[in-house]
Amino acid sequence: MKRTLILLALAACCLVSAAAAHPASPNLGSPALQTAPNVTLPAPKKASDDNAGTGRIAASSDGSVNILGFLGGAITSAQNNTLYGDFSTVSLDSGTAGLGNALARHSPNGKIWAEWFFGFSDGSAEIHYGLKNPGTGGSAWTTQTIPNSDTGAGGAYKVTDMQVTAAGRVYALWGRNGVGARFAFKDDSGNWSAPLDVPGGLAGTSDFNIGVSTGNVVAVSGFDRASGGLLVQMYSNGSWGALTNIAPAGGQAYRGRWAADSSGGLRVIWTQLDTPGSTTNDVYYREWTPAGWNPNVIRIRTPGNTAGNGYQISVDPTGKAHIVFSDDSAVPNIQQSYYLSGQGTTFTVPQRIDSGSFGQANMRNPDVDANLVNGHNIIHMSFNSNVGGPFANYYTFADLGTTSPPTVGPTPTPCQAGRFSDVPPGSTFYSYVTDLVSKGAISGYNDCTFRPSNTITRGQVAKVLVLAFGLPINTAGGPHFNDVPVGSTFYTFVETAFNRGIISGYSDGTFRPNALVTRGQIAKMVTLGRGWALQNPARATFSDVPVGSTFYTFVETAFAKAVISGYSDGTFKPSNSATRGQGSKIIDLAIYATDATATPTAVPPTLTPINTATAPPTATTPPTATTAPTLPPTDTPVPPSATPIETATVPPSATVLATATSTDTPTPASTATSTDTPTPVNTATATATITPIPPVILSFVPNTVERYDTETLVEMDGTAFGPITGTLTVNGVAARIQTWGDTVVRFYIGFTTPPQNPTTTVLTTSDGRTTSSALFQVRPRQHPYVFSYMPAQVMQGDTATAVTMSGVQFGIITGTVVLGGVYTTTVQSWTDTGIIFHIAPNTPAFSPIYVHINSVLNGQYKEFGGFGVLPAPTPTVTATPSVTATPTITVTATGTPLVSPTVTATVTATVTPGGP
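Because the structure is predicted, anything quoted here is derived from the model rather than measured. (Residues numbered from 1 in each chain as written. Predicted model: local features only at pLDDT ≥ 70, side-chain atom pairs only at ≥ 80, totals over all residues. Heavy atoms only, no water.)

Things to note about the confidence of the model for the protein chain
- Predicted confidence across the protein chain gives a mean pLDDT of 77, with 76% of residues reaching 70 or more.
- Here residues 1-32 scores under 50 on pLDDT; set against residues more than four positions off or in separate chains, the count is 90 contacts.
- The low-confidence segment residues 405-414 (pLDDT under 50) makes 32 contacts with residues lying over four places distant or belonging to another chain. (pLDDT = per-residue confidence, 0-100. Contact = heavy atoms within 4.5 Å.)

Take a look at the structure:
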């Protein structure tokens, strides 16, 4: 069967928002088609037991793979321990009401993540996830529920998708067709974020999928039956972009599948009807970069049925896309699976995954994963087949040889100085990044991005610190580390930092410049770089940085200077990796932080320094503020610090004006000819004129809560909130502030906050600056909510007392009320605003006790604190005193007496009974 690829040139002007018309049909062209030899694939190996559902594959760094499926009412993993090794099957989760839509992804450290939905008998569902370390058997799986992922009986979210970034951040998405979708994320050692709802533009679409770039740009797609398009909405730096249709006109588009590349871009494939009303589907491919959508759309001609789960994509470390798809054009109604690879407009000819050995057996629902195994670029493939009888999952792979990822090193950006597409004015890190760029301490990539969410290494921080603090280069005695030799990228900066006492190495003589810097390390380096007097308070600020721990004095000092702060749970997480954005903010704040007791360390003014002396200062002279050349920044891919709250005293910005004034008349540096130690001419003092910066609200997570929901923590991101708690009102009602930082405020709405659309959120800083936003919404209550109980307590075993529960949204159809998650009450009456119930006879004493309301119409609600069951009183036992009885016993003798006359004997006895 002949297959061709047809290039569809889609003009960039044709991309539309949800309100615009469908783009015009693109012009057809001919792509460059490779005829390279097919890859070598060993015979597919049976992986799962028979009757296994669709398999989803994820490969670990040791060559082992996990193929998730649905088998016998359970989510299972068919897994091996070596490349192409034999498989065994283990169960991850099981349930009686329903579960499924399982999929798996690998992380760069070799871990395997999985996601699926778990259904309950009432029609509600929650999202479960699993985690498995590399090289371990089935017992290594841990499974848990994603917090706040439960959805009510009337609208269970069961559409799932998951992505893991190159830095190990996991994004999980779940949705319901025609209703909407939401996603949450977590770092490897962190907690799940609050779920974030995808905006309403995608609410009417179906089959949601998620893609995440190395810079944590999120793309959510859904197909729209009304317009026939594949709609995509991008989320970056707390803001959602316009709704865009990325598919060409002419047929219904379905189900986007996403993969990230190492340069910060995304690749997506989908199926689309050849023409309106057609019964055949083609697979389409398109690329996105931080600069926007590539206008080229590649169509992989498949005149068979590729609907359903018949196509997947993965991108290897070199940037090449690997695509698998099923097709029934060779034999009608018999699916066969194919593989091809490429990027841009150049792809290989598709080849059958089984090399024809499966004959005309079905080979459906293929999946693909690409990773490096011992330096080899391995492409792993799976599919579901009935070649041996009942459908089972099979596995094969291709070894593309040794490879290494392309060098995607950042270069001095050709863009406008200090302006990057992913750090726009008003964004969280804008002022800090712009200030450091102006000092030549850091720069961006050649695609005009800064990538604030990428990680930063030890070598990179050493470089930025030296340049930002204006430290004179000093390599005396070097090299001090065997892995930072003379001439290496970070040699001069590492040596300078070492000679200043800012950094040290490891016991094996290394510095490990390419290791990711942690939050604890950067706090130490900044504190030592500024020469601050170390703080050593008797009581720790953070629970995970106790008194006497390695970074204690450095973290406490940096915290005291308002350079860093912690997380909402009272931790600092000193072992977490820092990002480029975080590092820029911490270092830039450190430049302007003050300490009268600190040793002299050069802190150059914002404007051009005047010290141009040709000779370096002596050791006792404060370091000169020289303008360093713009050098390539130092980067590595990872997650944004969504949760850290670093507060600033005065964030630098264009409004901070440094006026250089001289205390005497210095001799111009250009006339200095002395080769001896010069008289320092840097006597400039910076007089800062500070114009108040208006606060800016950028986003809310989540961006909506129900009325009366005083338990959901809302995170408001923005800039210039100030370091001291201010006030926040939502629809005129004061919010309860949990934490307040310069860029993040976390709060709960008040109980009396009314629903309103749009909601008005007003922030007022402690110094009187104010701003408002309509990005957050308090919506009318849809789920049940309890106001009060009468009585509020009953005795254990008291099934006669009727308890009246008052509230709203109980619904008009009787549901259930369960105490403590187990003990179902007897419902006497049920209305929308009141329920009367009696406790079950076996309900234990527990006050307060969890009350779980299950409304047939309005879903579930759990309440704690309003109602309780008290211990039943211990019965009082009254002892009856001993009774002394004196019965009279008469014995009468009959018969012929031996002695006459007859004798009657009376016997008196005292008897003490044994009981009361």
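Overview of the pattern of salt bridges
- Counted by the stated rule, this structure contains 16 salt bridges.
- R255 is paired through a salt bridge with D207; the nearest N and O atoms lie 2.3 Å apart. Taken as a pair, R255 in strand β22 (residues 253-260) and D207 in strand β17 (residues 206-212) lie far apart in primary sequence, 48 residues in all. Take R255 and D207: they sit in the same class, and that class is buried.
- A salt bridge links R352 to D354, with the shortest nitrogen-to-oxygen separation between them at 2.8 Å. The two residues R352 and D354 agree in class, both being buried.
- What emerges from the salt-bridge pattern is a single network uniting D261, R267 and E287. (Salt bridge = Lys/Arg side-chain N within 4 Å of Asp/Glu carboxyl O. Helix = DSSP H or I, 4+ residues; strand = E, 2+ residues; numbered from the N terminus. Buried < 20%, exposed > 50% of the residue type's maximum accessible area, 1.4 Å probe, protein only.)

Let's talk about a nonpolar patch on the surface
- On the surface, a nonpolar cluster with roughly 380 Å² of combined accessible area is contributed by I812, I813, V856 and L857.
- Position of I813 among the secondary structure elements: in the loop between β49 (803-808) and β50 (816-819).
- For I813, a relative accessible area of 40% gives the class partly exposed. (Patch = residues over 30% accessible without salt bridge, like charges linked within 9 Å, V, L, I, M, F, W, Y side chains within 5 Å. Areas by Shrake-Rupley, 256 points an atom, 1.4 Å probe, with all protein chains shown as cover.)

Some remarks on the sheet that holds strand β11 (residues 125-132)
- Across the sheet, which stays open at both edges, the four strands sit in the order β9-β10-β11-β12 with antiparallel pairing between neighbours. The sheet is open, and its two edges are formed by β9 (99-106) and β12 (142-145), each paired on a single side. This sheet shows a mean twist of 20° between the axes of neighbouring strands, independent of strand direction.
- Bridge count between strand β10 (residues 112-119) and β11: eight bridges; the pairing is antiparallel. (Pairing = 2+ DSSP bridges. Axes fitted to C-alpha atoms, helices over the stretch in contact; angles between N-to-C directions.)

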